[in-house]
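Residue-level structure breakdown
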Amino acid sequence: MPGPTAGSAAPSGRGRSLAQVYRRFGEVDAAGTSPLYERVAVALSESDEALRAIEAVPARKRHPTVVLAALHDLALSGRAPALAAAYAAADGDAAAAAAIDTLLRMTGPVVALAVRRRPRTDGTGRCAVLYPAVAAAAQRTGANTVGLIDVACSAGFNLTVDRVGITYSNGQSLGDPSSPVRLSSSIVGNRAVPARAMPEVVARVGVDRDPVDVTDAGDARWLRACLPPDQPERAARLDAEIALAATAPPRLLRGDAVEMLPEAVARVPADALPVVTTTWALSRFPLESRRRFLQRLDDAAAGRPVAWVSAEGVGVAPAIPALGDRRASGHSIIGLALFDRSARHAEALGRCWSRGRSLAWLAGSS
């Protein structure tokens, strides 16, 4: 009996589910943003051989964002020249054929990359939210210098918050106007963000189970691989972000972010305010870990003031007021918590949408 053709449905329930995931990614997630990935993802969903190769990847790593990034990494490294050429030419049909061929010929390397790496989509765009919040933490504590500690730091781009140029839709500007990294954010409502500048940053510490070192060629290539190959503007901005971060690389601590908080705080000079930042990171932690995170901050503040600046979904950050908003409401809360010995003060500074692309500052938080 002949086997299924490349365009037929996959033979198993698990395969059909995987085919549906890839087709939906192409037709919904990539549609309108990456024509190349739209074509490649749909082609993968229609190839039984490709789906069987993807099933060699552990189940939790089979998502298109991971597998497509692994294929892109092979193209960027020169190990998949046909795929690289198709991507460079923005030829969807050639890219689809080359992606399937690369996946079948190099299943092992694709699996190895998928197992070792996780998708990275964060950049300095979060800084439009972080900059005024860190400045507010320093102002409230009277700090003249700060040490930044980013939890689940990924590539550490949050740690360059003082070195980027930020323009808001109301004409305000914050940060470094001469920075090679520029970003913008829309102001919602009629409340401006505070115009105060951040104080000098004297320490930059990233804590993550799998931190990305932008000075490592392989790590930097993976960041590029996580972007679709037909988004040159995003790629150019990422290159600028990587170059900026590499000029003052943070101290990276590898391990459980909650358990390593005391060590991270200890890396900040005694006369500087440690400012811990989390941006859409705590939702990956179980509730008990989030509570322990809060306790670690309390413990760290036994001998010195400590601040925590957060941008997390409604109700995700413990102790940060939810403003009466509903969970999963489509926006996030910008939070600030100050710890000083046995005292803790937590407030919501505002709301933000689309990872900081727009924000609303609260009237009473200046």
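The rules behind each value
Sequence order as written defines the numbering, with residues in each chain counted from 1. Only residues with pLDDT of at least 70 get local features here, since the model is predicted, and only at 80 or more are side-chain atom pairs given and counted; chain-wide, interface and lining totals rely on the full set of residues. Note that the side-chain values use all heavy atoms of the structure and ignore hydrogens as well as water. Only DSSP runs of H or I reaching four residues or more are called helices, and only runs of E reaching two or more are called strands; each is numbered from the N terminus. Only C-alpha atoms enter the radius of gyration, while the globule expectation follows 2.2 Å times N to the 0.38, with N the number of residues. Here, residues are in contact when the closest pair of their heavy atoms is within 4.5 Å. The Shrake-Rupley method, run with a 1.4 Å probe, gives the accessible areas here. Residue values count only the displayed protein chains as cover. Neither His nor the chain ends contribute to the count of charged residues, in which Lys and Arg are positive and Asp and Glu negative. Taken as the charge location is NZ of Lys, CZ of Arg, CG of Asp or CD of Glu. Accessible area is worked out with a 1.4 Å probe on protein chains only. A residue is then buried under 20% of its type maximum, exposed over 50%, and partly exposed in between. Directions are taken from the helix axis to each C-beta atom, and the arc is the one they span. We define a salt bridge as a contact between a side-chain nitrogen of Lys or Arg and a carboxyl oxygen of Asp or Glu at a distance within 4 Å. Here the expected span of a helix is defined as 1.5 Å times the quantity of residues minus one. Two N or O atoms form a polar contact when they lie within 3.5 Å of each other; inside protein one atom must be a possible hydrogen donor and the other a possible acceptor, and for residues adjacent in sequence the pair counts only when both atoms belong to side chains. Any two strands with at least two DSSP bridges between them are considered paired. Axis definition: a line fitted to C-alpha atoms, limited for helices to the stretch in contact. Angles are taken between N-to-C directions and run from 0 to 180 degrees. Each angle is binned into one of four classes, with values under 35 degrees roughly parallel, values over 145 roughly antiparallel, values of 65 to 115 roughly perpendicular, and all other values oblique. Handedness of a helix crossing follows the sense of rotation of the near helix relative to the far helix, less than a right angle counterclockwise being left-handed and clockwise being right-handed.

A few words on the overall build of the protein. Counting its secondary structure elements, the protein contains twelve helices and eleven strands. On C-alpha atoms alone, the protein measures out to a radius of gyration of 22 Å, which is about the 21 Å that the 2.2 N^0.38 rule sets for 366 residues. Here the contacts in the protein between residues at least 6 apart in sequence split such that 71% fall between residues at least 24 apart. A total of about 15,500 Å² of accessible surface is found on the protein, and carbon and sulfur atoms cover 51% of it. Measuring between centres, the 43 positive side-chain charges of the protein sit 4 Å from its 36 negative side-chain charges.

Turning our eyes to something else, we now look at helix H5 (residues 81-89). Restricting attention to buried positions, one finds in H5 the residues Leu83, Ala86 and Tyr87. Buried residues in H5, looked at end-on, bunch into an arc of 100°, giving them a common side. Structural note: H5 exposes Pro81, Ala88 and Ala89 on the side pointing more than 90 degrees away from its buried face. Of the surrounding elements, those touching the buried residues of H5 are helix H2 (35-45), helix H4 (64-76) and helix H6 (92-105). Looking at the residues trailing H5, positive phi occurs at alanine 90, about 55°.

Now for the pattern of salt bridges. This model, assessed by the stated rule, comprises 20 salt bridges. The shortest N-O distance in the salt bridge between arginine 204 and aspartate 162 comes to 2.8 Å. Of the two residues, arginine 204 is situated in strand E5 (residues 200-208) and aspartate 162 in the loop between strand E1 (145-151) and strand E2 (165-168); the sequence distance between them amounts to 42 residues. Aspartate 162 matches arginine 204 in its accessibility class, with the two residues each being buried. Look at the salt bridges and you will find they share partners, linking Glu259, Arg292, Arg296 and Asp299 into a network.

The next subject is H6. Owing to its 3.6 residues per turn, the α-helix aligns residues three or four sequence positions apart on the same side. A rise of 1.5 Å per residue sets the reference length of H6, with its 14 residues, at 20 Å; its end C-alpha atoms lie 20 Å apart and thus fit the reference within 8%. What H6 keeps buried is the set Gly92, Ala95, Ala96, Ala98, Ala99, Ile100, Thr102 and Leu103. In this structure aspartate 91 caps H6, since a side-chain oxygen of it lies 3.3 Å from the backbone nitrogen of aspartate 93.

What the eleven strands build is an open sheet, ordered E3-E2-E4-E11-E10-E9-E8-E7-E1-E5-E6; its pairing is mixed. Taken across any chain shown, the strands that pair with only one partner, and hence form the sheet edges, are strand E3 (173-175) and strand E6 (251-254). Neighbouring strand axes in the sheet, compared pairwise and without regard to direction, differ in orientation by 25° on average. Summarising the sheet, strand E8 (residues 306-313) and strand E9 (residues 332-340) pair through eight bridges and their orientation is antiparallel. Across the sheet, residue glutamate 312 finds its bridge partner in E9, namely isoleucine 333. Sheet contacts for helix H8 (residues 127-141): E1, E2, E3, strand E4 (182-187), strand E7 (273-279), E8, E9, strand E10 (343-353) and strand E11 (358-361); angle to E9, the most-contacted strand, approximately 25°.

Direction vectors running N to C along H5 and H6 enclose 160°, while the axes themselves pass 8 Å from each other. Classified by the angle their axes make, H5 and H6 are roughly antiparallel. Relative to H6, the crossing made by H5 is left-handed. Counting all contacts with H5, which are made through Ala82, Leu83, Ala86 and Tyr87, the residues of H6 involved are Ala94, Ala95, Ala98, Ala99 and Thr102.

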